[in-house]
Amino acid sequence: MLRYTVRRIALMFVLLIGVSLMVFLISNLVPSDPVAANLSQTAMSDPQVVAVFKEKWGLDKPILQQYWIYLQHLLKGDLGVSIRTGQPVAADLMRYFPATVELSVFAMLIAIVFGILFGVLSAVFRDKPLDQVVRGISVSGVSIPSFWFSLLMLYVFFYKLGWFPGPGRLNARAPTPVGGTGFYVLDSILSGNFALLSDALSHLILPAVVLGFFTMGLITRQTRSNLLEVASTDYIRAARAKGMSETRVIVRHALGNALIPVITVAGMGFCNLLGGMVFVEKIFAWPGIGQYAYLSATTLDFPAICGVSLLVAANYVVINLLIDILYGIIDPRTRYQ
Amino acid sequence: MKKRIFRKKSMLLAAALALFAFAGCAGKTEPAPSSAPDPSANADVSEEAPAAPQPLDAASENTVVIGWSSDLKTLDPGHVYEVFGNMITYATYDMLFRFEKDATDAPKPSLVTEDWSLDESRTVYTFPLREDAVFSASGNKLTSADVLFSIERVRNLKSNTYSYVEGIADVAAPDERTIVITLTEPDASFLTKLASNAFCVLDSEVVKANGGTSAADAASADTARDYLDQHSAGSGPYALVSWTPNVELVLQKNPNYWGESGNVDRYILKEIPDPNTQLQMIQKGEIDIAYALSADNIKQLENNPDVRILKGRTSVITFLMMNNDAAVGGPVANPDVQQAVRRAINYQELLDLCGEGALLPMDFVPLGFVGALEREAGYTNLDEAKRLMEKAGYADGFEVTLTTANFDTEGMQWTTIAQKIQSDLAKIGITVKVQTSEIGVVIDEYREGKSPFLVMHWSPDYLDINNQMAFLPGETIGLRAHWPADANAEMVELGAKIKVEADPQLRAEWSEQLQRLMAENSPYAFLLQHPKSYAARSVLSDLYYNDIAKVQLKDIIVS
């Protein structure tokens, strides 16, 4: 298992280099020019200004040479400097990624807790009205577009009912905390600042529900079908025949096996959240990696685009690896020799 | 047994309901205070935040939160050119001249005293400097050495701001309180240029200590941008506290400011990219100014007594470019077709689509600029347009692709404009295929003169007709439309005269002549001048908008 894990981590670096090459080439194939995206129209008409800009950002060199320079820096752990922000890409990612991770973790918590709960309820109350209601919720989860759901949730729960605070990570009048890890919930717990904790948590709920809704739908359906399948197996029948309580049968014997495939769904759902929450971040004014990726793409900021792509690719690889390891722990039959 | 199963099922159900209840209650908070900010509430949040949070000044009573969607890439005055750049630099720096309140016609002396002079050659400006300006952070006195350093830095950085200083031959500081700027040739727009961020005066001592240089190699050697993105080295009415790009920008009042300013102690500018979100937040009192609202959002606020709708005039114009090169433009390269297009567009309907305050300039000079004219009412004439089409040999019409971008100008989507053009031109037999691309792609084609027919906008860098000369034959945009300098000698000559003429009367006269010439004879159809509408809570007054400084943060009063 250890050798397998080490090999997977080594392969990850090869994969990331491949990703960087693909992103670099694709970004350069776009029929647009970073000069146009970053200089004013007047400045673009001045050859001196254009020449200085191209030289500064290495755009005057052939594409493969640009990539080679980028790769040399990458191998030293340097993701380059963002053309748009003028800051090291790594620093930019460190600034925006915690907001995305924090939101994703809460979204996943909601998705997993409610997904499993609804899945179990749906299986237990199979074909009963409750099952139909849960089916409606889970199908809605996977089919409602997140931008529309965001608008709806914000309108109803913030604007109309006033149950939840507005967009942003904190109250708009509260200053952004400086320092710390960037994970406001964690920082507030570590520093014992419960006012900040309450503010941060209350701002997390609406966007987390929106984001978690899709994955919750998937987990609900997966849990239900797996549980029903497991419930019809011989060992479950044997457990029931021995007179075990239904709860004990489900919780102790059926659920554990039924949840193994759910780990994959949850893992992939988490990766999707980390890489694709542009609309939700926009509507909830959530300063995360989705907004950063969008702005970088629209200004053809190659180093930033590559940085975000590498981060998202690394997430997929790492989470897949964790899922494989977790599988091995839960089900020893799947362990690699 | 059945009863026990039922009980267990009920427990599962109860657990589900409990989880829902938790989700509902955990986030239940009181709505944010709708009136004046509550500093103590802020202090609560920040006081014990991890690792040195930025606490609000205990004496700070007036905090104004602005929701905006800025395009800022930097706050270094030597580099910034983005639309919102001057909104911040006008608050944090002083320039030699500035546009006060909502004025856009003539800038007023700011750091310069009233007895400044221009020599007979109209190229040598002598500016005595006021003596009471002090830099907000260091407390250093602002001297001519700082002005000299700041201008030389912009000249040598060769960044986006370079075009403002290109016409400067020499800058000298003969004594501590005098700055002399010599131009290569007379420039009637020079004072207007002086009122832009390119001429912000930086604290030379502080900037040099943080990697800044005005030397000839500044383009590669200057490293002060990082510092200036987090600190304002200026003497303006506010000082920069912090800036987290795409998140938040905080300004604090400069108690040492020499001039008059409003009573806002602190500004928090929050990035809220979605206009609907801004609308809801201002209605709930979470923000005090909603800057990026659409025309529909504005309508929804019309009957809200707690919110004021404010209107301003921008200088941004949207136009159609018809490529003059027949190999690229095809039928739209024909001057009669170009005129037919201009006569076929229903401008009034376009203005209505854009919302209240939209204007229709005659052509390339936005209303508010010297000699600007409005397009006469009733210009749209389908019969005349059809006659012109027939004259051009296209009585049966033709098909053309109109390029547009996924982009908006002051909330007006370009695709909406393109669809309106499509429907108007269908009435004279022109079948328009709208092709929408990303803005970067469209700009590229536009810059290289590859677009046959294009929706584009122009946002002036400075508020003077000289900036609009780019539309003339042989100039930047003229060349993109394949309209060479020899296409119309009269226009070129008038343009050259306007650029250097000092007499405003003569400039206005020539400006009118030039506009009338271009109105019927150019590869453009100028569609509209965009309005700016935004909303502020009723507790705020003295809100002024001009197209350089946007909202003048210096003047706002909280009642």
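What you see as residue numbers is a count from 1 along each chain, following the sequence as written. Each chain gets a letter, beginning with A, and each ligand a number, beginning with 1, in the order they are written. Reporting in this predicted model follows two pLDDT cut-offs: at least 70 for local features of residues, and 80 or more for side-chain atom pairs to be given and counted; totals over whole chains, interfaces and linings ignore these cut-offs and use all residues. The side-chain quantities take in all heavy atoms of the structure and omit both hydrogens and water.

A. Highlighting the packing of helix 20 (residues 489-500) of chain B against helix 21 (residues 504-519) of chain B. Residue and element names in this part refer to chain B. Comment: axis = line fitted to C-alpha atoms, over the contacting stretch for helices; angle = value between 0 and 180 degrees taken between N-to-C directions. By definition, any uninterrupted DSSP run of H or I lasting at least four residues is a helix, any uninterrupted run of E lasting at least two residues is a strand, and each is numbered from the N terminus. Axis separation between helix 20 and helix 21 bottoms out at 10 Å; the angle between their running directions is 155°. By the angle between their axes, helix 20 is roughly antiparallel relative to helix 21. In the packing of helix 20 onto helix 21, the handedness of the crossing is left-handed. From helix 20, Glu490, Met491, Leu494, Gly495, Lys497 and Ile498 reach across to helix 21, where they touch Arg507, Trp510, Ser511, Gln513, Leu514, Leu517 and Met518. Charged residues are taken to be Asp, Glu, Lys and Arg, nonpolar residues to be Ala, Val, Leu, Ile, Met, Phe, Trp, Tyr, Cys and Pro, and polar residues to be all remaining types, Gly included. Classifying every residue of the contact of helix 20 with helix 21 gives seven nonpolar, three polar and three charged. Any angle between 65 and 115 degrees counts as roughly perpendicular, while under 35 counts as roughly parallel, over 145 as roughly antiparallel, and the rest as oblique. Should the near helix be turned counterclockwise from the far one by less than a right angle, the crossing is left-handed, whereas a clockwise turn marks it as right-handed. Two residues form a contact once any of their heavy atoms are found within 4.5 Å.

B. Fine view of empty space enclosed by the protein. Only protein atoms enter the 1 Å grid used here. Points where a 1.4 Å probe fits but cannot escape make up a cavity, open sets with protein on both sides within 12 Å along at least five of seven lines make up a pocket, and a residue lines them when an atom lies within 4 Å of a point. Grid points are joined across faces, edges and corners, and a volume is the space filled by probe spheres set on the points. By the definition in use, this model includes two cavities of 30 Å³ or more. Considering only enclosed or pocket space, the largest cavity measures out at about 250 Å³ in volume. Lining the largest cavity are 20 residues, and of these Phe53 and Trp57 of chain A together with His79, Ser159 and Arg225 of chain B lie nearest its centre. Ranked by residue count, the leading element in the lining of the largest cavity is helix 4 (residues 47-56) of chain A, at four residues. Looking at the lining of the largest cavity, its residues break down into nine nonpolar, five polar and six charged.

C. Molecular detail of the environment of Ser232 of chain B. All names here are of chain B. Relative to the helices and strands, Ser232 resides in the loop between helix 9 (225-228) and strand 8 (238-244). Separated by 97 residues in sequence, Ser232 and Phe135 have C-alpha atoms that sit 9.3 Å apart. Among all residues touching Ser232, those that are not within four sequence positions of it are Thr92, Tyr93, Ser136, Ala137, Tyr238, Ala239 and Leu240. Contacts described as polar in this section are N or O atom pairs within 3.5 Å, which, within protein, must combine one atom able to donate a hydrogen with one able to accept it, while residues neighboring in sequence count only if both atoms come from side chains. Engagement of the side chain of Ser232 in a polar contact is seen with the backbone nitrogen of Leu240, the distance being 2.8 Å.

D. Seen up close, the sheet that holds strand 6 (residues 168-175) of chain B. Residues and elements named next belong to chain B. Taken in spatial order, the four strands line up as 4-5-7-6 in an open sheet, and their pairing is antiparallel. In this open sheet, the two strands that pair with only one neighbour each are strand 4 (117-118) and strand 6. Across five bridges, the pairing between strand 6 and strand 7 (residues 178-183) is antiparallel. Within the sheet, the bridge partner assigned to Ala172 lies in strand 7 and is Val180. Against the sheet, helix 4 (residues 144-157) touches strand 6 and strand 7, its axis set at about 160° to strand 6. For two strands to be treated as a pair, DSSP must find at least two bridges joining them.

E. Molecular detail of the side chain of Lys550 of chain B. Looking at where Lys550 of chain B falls in the secondary structure, it is placed in strand 21 (residues 550-551). With residues up to four places along the chain from it excluded, the contact list for Lys550 of chain B reads Val83, Phe84, Met87, Tyr291, Tyr544 and Tyr545 of chain B.

F. Structural detail: the pairing of strand 9 (residues 248-253) of chain B. All names here are of chain B. Burial classes: relative accessible area under 20% of the type maximum marks a residue as buried, over 50% as exposed, and values in between as partly exposed (1.4 Å probe, protein chains only). Burial within strand 9 is extensive, with five of its six residues counted as buried. Examined bridge by bridge, strand 8 and strand 9 share six bridges and lie antiparallel to one another. Considered in strand 9, the bridge of Ala239 is made with Gln252. Counted between consecutive antiparallel strands, the loop separating strand 8 from strand 9 contains three residues, among which Asn246 sits at a positive phi close to 70°. As judged from the five bridges shared by strand 9 and strand 10 (residues 266-271), these two strands associate in the antiparallel manner.

G. Structural view of the domain arrangement of chain B. All names here are of chain B. Domains are outlined according to an automatic or database domain assignment. Assigned domains within chain B: domain 1 (9-273 + 538-558) and domain 2 (313-531). Here domain 1 packs against domain 2, burying approximately 1,300 Å² in sum over the two surfaces, 54% of which is carbon and sulfur. Accessible area that two parts lose when put together, evaluated with a 1.4 Å probe and summed over both, is termed the buried area. It is Thr104, Ala188 and Asp547 that lose the most area in domain 1 upon contact with domain 2, and together they represent 33% of the buried surface on that side. Definition used for salt bridges: Asp or Glu carboxyl oxygen within 4 Å of a side-chain nitrogen of Lys or Arg. At the junction of domain 1 and domain 2, the tally comes to zero salt bridges. Linking domain 1 to domain 2 there are six residue pairs in polar contact (both at pLDDT 80 or more).

H. Expanded view of helix 14 (residues 347-354) of chain B. Residue and element names in this part refer to chain B. Of the residues making up helix 14, those classed as buried are Tyr347, Leu350, Leu351 and Cys354. Around the axis of helix 14, the buried residues are gathered within 100° of arc, so they sit on the same side. Looking at the buried positions of helix 14, the neighbouring elements they touch are helix 11 (295-300), helix 13 (335-344), strand 15 (412-413), helix 16 (414-426) and strand 18 (524-537). The opening residue of helix 14 is Asn346, an N-cap whose side-chain oxygen sits 3.4 Å from the backbone nitrogen of Gln348. Each direction from the helix axis to a C-beta atom contributes to the arc, which is the arc of those directions.

I. Spotlight on the pattern of salt bridges. The tally for this structure, following the rule as stated, stands at 34 salt bridges over all chains. Between Arg240 of chain A and Glu246 of chain A there is a salt bridge whose closest N-O contact spans 2.8 Å. Take Arg240 of chain A: its relative accessible area is 33%, and that puts it in the partly exposed class. Its relative accessible area of 16% is what places Glu246 of chain A among the buried residues. In this structure, the salt-bridge partner of Asp336 of chain B is Lys391 of chain B, at a minimum N-O distance of 3.4 Å. Of the two residues, Asp336 of chain B sits in helix 13 while Lys391 of chain B sits in helix 15 (residues 382-391), which places them 55 residues apart along the sequence.

J. Broad picture of the packing of aromatic side chains. Residues and elements named next belong to chain B. Here a pair means two rings of Phe, Tyr or Trp (six-membered ring of Trp) with centres within 6.5 Å. Their orientation is stacked below 30 degrees between planes, edge-to-face above 60, and tilted elsewhere. Across all of its chains, the model carries 36 aromatic pairs over all chains by this definition. Summarising the aromatic geometry, the rings of Trp116 and Tyr125 are spaced 6.3 Å apart at their centres and angled 25° between planes, so their arrangement reads as stacked. A relative accessible area of 5% means that Tyr125 is categorised as buried. Note on Tyr125 and Phe190: the rings are 5.0 Å apart at their centroids and 45° apart in plane angle, and the pair reads as tilted. In this pair, Tyr125 is assigned in strand 5 (residues 124-128) and Phe190 in helix 6 (residues 190-194), connecting sequence segments 65 residues apart. We note that Tyr125, like Phe190, is buried.

K. Fine view of helix 21 of chain B. All names here are of chain B. An expected span of 1.5 Å times one less than the residue number is assigned to each helix. Here helix 21 contains 16 residues, and its C-alpha end-to-end distance of 22 Å stays within 8% of the 22 Å for a straight helix at 1.5 Å per residue. What helix 21 keeps buried is the set Arg507, Ala508, Trp510, Ser511, Leu514, Gln515, Met518 and Ala519. Residues of helix 21 that are buried sit in contact with helix 13, helix 18 (465-468), helix 20 and strand 18. N-capping of helix 21 is provided by Asp503, with a side-chain oxygen placed 2.9 Å from the backbone N of Gln505.

L. Inspection of the environment of Ile181 of chain B at higher detail. Residues and elements named next belong to chain B. Secondary-structure assignment places Ile181 in strand 7. Distance in space between the C-alpha atoms of Ile181 and Val124 is 5.8 Å, their sequence separation being 57 residues. Excluding its chain neighbours within four sequence positions, the residues that come into contact with Ile181 are Leu96, Thr123, Val124, Tyr125, Phe127, Ile151, Ile168, Asp170, Val171, Phe190 and Leu194.

M. Layout of the environment of Tyr235 of chain A. Residues and elements named next belong to chain A. Tracing the sequence through the fold places Tyr235 in helix 11 (residues 234-241). Among residues more than four places away in sequence, those in contact with Tyr235 are Val230, His253, Ala254 and Asn257. A distance of 3.2 Å separates a polar atom in the side chain of Tyr235 from the backbone oxygen of His253.

N. Broad picture of unusual backbone geometry. Residues and elements named next belong to chain B. The phi dihedral of Lys101 is positive, around 45°, even though this residue is not glycine. With respect to the helices, strands and loops of the structure, Lys101 is situated in the loop between strand 2 (97-98) and strand 3 (108-109). The backbone of Arg122 shows a phi angle near 60°, a positive value even though the residue is not glycine.

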